[in-house]
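Next come the chains, spelled out residue by residue.
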2 protein chains.
Amino acid sequence: MIDKIFDFVGGDNGQWKVQRITKVIGDSLGNVPFVRIMPGGTQKSNEGLWTLKGVRSNLRYTEKDEEDKLVAIQAGLGRPEATCAALIPIRKSEDWWSLAQDDRRRIFETQSQHINTGLKYLPAIARRLYHCRDLNEPFDFLTWFEYAPKHADAFEELVAALRKTQEWEYVVREVDIRLIRATE
Amino acid sequence: MIDKIFDFVGGDNGQWKVQRITKVIGDSLGNVPFVRIMPGGTQKSNEGLWTLKGVRSNLRYTEKDEEDKLVAIQAGLGRPEATCAALIPIRKSEDWWSLAQDDRRRIFETQSQHINTGLKYLPAIARRLYHCRDLNEPFDFLTWFEYAPKHADAFEELVAALRKTQEWEYVVREVDIRLIRATE
């Protein structure tokens, strides 16, 4: 079985140096100098000040034609020039989770253009989603972004656009962690 | 945080007495006399011969009109007359999980009538789904059914109908555990 669970450990060392941790909605996370991303199990790690656990999972809303467009243009993580990163954990309300699949899809894409907005910033802004709601975690998703310093303004645009959507009205907790690649 | 994770522990005691464990596709599970259902954490339990962990999660395919029909007619678990139960763990192939959301939905409902077939047997056959793929478990889903002895034939029809669908061509492991309520 391939381990799909990863731990994001905020502590004294790691591959990514924290620039700032900003509370967007609800409680923040404790300040830490570094974040380490490591393969995780279902057990809680005791390392660091906090650990956020997430699992790479199947697509939940993306349809085939959208997936084809994403695959054609998206960039992978780990590009040498992509020295900037953001880790944005969010939690959505119970109202969101009690919606049926078609209602969530309509808000997510038809009204909020979540996929199409992300597409506009590809391949500059690489993105990977981790799910955590079903792991009894404090957040529902961890989204990890990587980009080159010259695309920092574009990244701010992307984040600002998503935060204005109808989908974001269901977000009850959001923390925005900005990082730069560390030399370990 | 409400604990949504449950352990199905196969061992020497429990609320449900095992009648038989049948291998449908792929490897079976070890024979045990009882199954105990208990609140679980993300950690592996050491109790029993085997433990299957699952999480109650949000709807993945059900649309609003279908949910309304289900809610109007479905029965809860724990009815005194529902002394028969089945625990059916399944795992689907990587081919299934790499499909986009609209392709999975089309196979699941438009072609395989998964929701509509279940509806035909409500409220006689109560059903609860637990997800486990994202917990690094050997199965992707555990489905728990409860029904009265007089509906045993209807339950066989339901299971047989689902196993003939296009959706089931993606099932790579399935075990069928039949149980009766035990007096603890």
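Keep in mind that what you see is a predicted model, and the values were worked out from it rather than measured. (Residues numbered from 1 in each chain as written. Chains lettered and ligands numbered in written order. Predicted model: local features only at pLDDT ≥ 70, side-chain atom pairs only at ≥ 80, totals over all residues. Heavy atoms only, no water.)

Trainee: So what's going on with the pattern of salt bridges? Which residues, and what values?
Mentor: Within this structure, the stated rule accounts for 32 salt bridges over all chains. A salt bridge links Lys4 of chain A to Asp134 of chain B; its shortest N-O distance comes to 3.9 Å. In this pair, Lys4 of chain A sits in the segment before strand E1 (5-11) while Asp134 of chain B sits in the loop between strand E6 (126-131) and strand E7 (141-147), so the two residues belong to two different chains. The class for Lys4 of chain A is buried, based on a relative accessible area of 17%. Between Asp68 of chain A and Lys64 of chain A there is a salt bridge, with the nearest N and O atoms lying 2.7 Å from each other. (Salt bridge = Lys/Arg side-chain N within 4 Å of Asp/Glu carboxyl O. Helix = DSSP H or I, 4+ residues; strand = E, 2+ residues; numbered from the N terminus. Buried < 20%, exposed > 50% of the residue type's maximum accessible area, 1.4 Å probe, protein only.)

Trainee: Please provide a residue-by-residue account of helix H5 (residues 152-163) of chain B, values included.
Mentor: Along an α-helix, a turn takes 3.6 residues, which lines up residues three or four apart on a common side. Residues and elements named next belong to chain B. Here H5 spans 17 Å end to end across 12 residues, near enough to the 16 Å set by a 1.5 Å rise per residue. Within H5, burial applies to Phe155, Leu158, Val159 and Leu162. All buried residues of H5 project into a common sector of 90° when viewed along the axis, lining one side. Buried residues in H5 make contact with strand E5 (84-92), helix H4 (114-120), E7 and strand E8 (171-181). (Expected span 1.5 Å × (residues − 1). Arc of directions from axis to C-beta. Contact = heavy atoms within 4.5 Å.)

Trainee: Now, about the relation of the copies chain A and chain B: what can you tell me, with residues and values included?
Mentor: Of the transformation placing chain A onto chain B, the axial shift is 0.0 Å and the rotation is 180°, giving an RMSD of 0.0 Å. Seen this way, the second copy is the image of the first under a two-fold rotation axis. Take the interface residues of chain A: 100% of them recur as interface residues in chain B, which is what a same-surface contact looks like. (Least-squares fit on C-alpha atoms with pLDDT ≥ 70 in both.)

Any functional reading would require information beyond the geometric quantities listed.
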